[in-house]
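# Close look at the chain arrangement
What follows is each chain in one-letter form.
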Amino acid sequence: MGNDSRKTKAQLIDELKKYATLLEKSNDAIIVLQDGLLKFANSKATEITGFPAEETLGKPFIDFVAPQYRALVMERYRKRLAGEAVPDKYEMGLLNRKGSVISVEVSASLIEYDGKPATLSIVRDITESKRVENSLRESEARYRTLFETAAEGILAADMETRRFLYANPAVCQMLGYSQEELLNMGVMDIHPEDSLKQVISDFDSLARG
């Protein structure tokens, strides 16, 4: 990071009190770390973690990081201060006041604060989005298991192209095709010509709901 960039960010951070209203209205937590300690945190940080400022400022920031992420976070913190290349954005876990882990996305950059190197981090709570993501992944795994083990043949096709997207083992056995072969075929490839017109009509009706 060039000196001009550092000076610009340093000027912004040095004016934190002046911009207190703007910082307090932020939808994300804004924190400053220096010498391994938490030097500044806006009210959103308190809202996310449940820790009031007086319980966090001046304390080692690593104490508020979930144990399984501490080695990674500390390594990136040290490398960033040393000017080494590290990801500017990554996901990790913080501990809230109840001891539960909060999933967060961190955007960090190197700055100067009170004339010394520090890091500015913008922290976004993604706990709910991760919960939804994990729930969808678990649901997909459950349904895939049901499809794979079903005795009935199951085929899924794209509504526009009518090409097959999924074929379970039962339908492969019924039709005598491998899954790879079926996924290179479509609705029109597996029906007799004399019934094809009705099949396509029925398929299009289903596609329209």
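Summary of the structure given here. Treat the numbers as computed from the prediction; the structure is a model and nothing was measured.

## Quick look at the environment of Arg 80
Secondary-structure assignment places Arg 80 in helix α4 (residues 70–81). In the structure, Arg 80 is positioned 39 residues away from Thr 119 in sequence and 8.0 Å away in space, judged by C-alpha atoms. In contact with Arg 80, other than residues within four places in its own chain, are Val 86, Pro 87, Asp 88, Ala 108, Ser 109, Leu 110 and Thr 119. In terms of polar contacts, Arg 80 uses its side chain to reach the backbone carbonyl oxygen of Pro 87, at 2.7 Å.

## With respect to the pattern of salt bridges
For the coordinates displayed, the defined rule picks out 11 salt bridges. Among the ionic pairs, Asp 28 bridges to Arg 124, the shortest N-O distance being 2.9 Å. Residue Asp 28 is located in the loop between α2 (20–24) and β1 (29–34), and its partner Arg 124 is located in strand β5 (residues 116–125); the two are separated by 96 residues in the primary sequence. On the accessibility criterion, Asp 28 (11% relative accessible area) is buried. Glu 47 is the salt-bridge partner of Lys 44, the closest N and O atoms lying 3.0 Å from each other.

## So, the side chain of Thr 56
In this structure, Thr 56 sits in the loop between α3 (43–49) and α4. Look past the residues within four positions of Thr 56 in its chain and what remains in contact with it is Leu 38, Phe 51 and Phe 64.

## Here's the deal with α4
The terminal C-alpha atoms of α4 lie 16 Å apart, and with 12 residues this matches the ideal 16 Å at 1.5 Å per residue to within 8%. Within the sequence span of α4, burial applies to Val 73, Met 74, Arg 76, Tyr 77 and Arg 80. Angular distribution of buried residues about the axis of α4 spans 165°; they occupy a single face of the element. Those residues of α4 that are exposed and angled more than 90 degrees off the buried face are Ala 71 and Arg 78. Directly after α4, the chain includes Gly 83, whose backbone phi takes a positive value near 85°.

## Observations concerning a nonpolar patch on the surface
Together, Tyr 143, Leu 146 and Phe 147 give the surface a local cluster of nonpolar side chains, amounting to about 320 Å² of exposed area. Along the polypeptide, Phe 147 turns up in helix α5 (residues 127–149). The exposure class assigned to Phe 147 is partly exposed, which follows from its relative accessible area of 33%.

Each value, and the rule that gives it
- Residues numbered from 1 in each chain as written.
- Predicted model: local features only at pLDDT ≥ 70, side-chain atom pairs only at ≥ 80, totals over all residues.
- Heavy atoms only, no water.
- Helix = DSSP H or I, 4+ residues; strand = E, 2+ residues; numbered from the N terminus.
- Contact = heavy atoms within 4.5 Å.
- Polar contact = N/O pair within 3.5 Å; in protein donor to acceptor, adjacent residues only side chain to side chain.
- Salt bridge = Lys/Arg side-chain N within 4 Å of Asp/Glu carboxyl O.
- Buried < 20%, exposed > 50% of the residue type's maximum accessible area, 1.4 Å probe, protein only.
- Expected span 1.5 Å × (residues − 1).
- Arc of directions from axis to C-beta.
- Patch = residues over 30% accessible without salt bridge, like charges linked within 9 Å, V, L, I, M, F, W, Y side chains within 5 Å.
- Areas by Shrake-Rupley, 256 points an atom, 1.4 Å probe, with all protein chains shown as cover.

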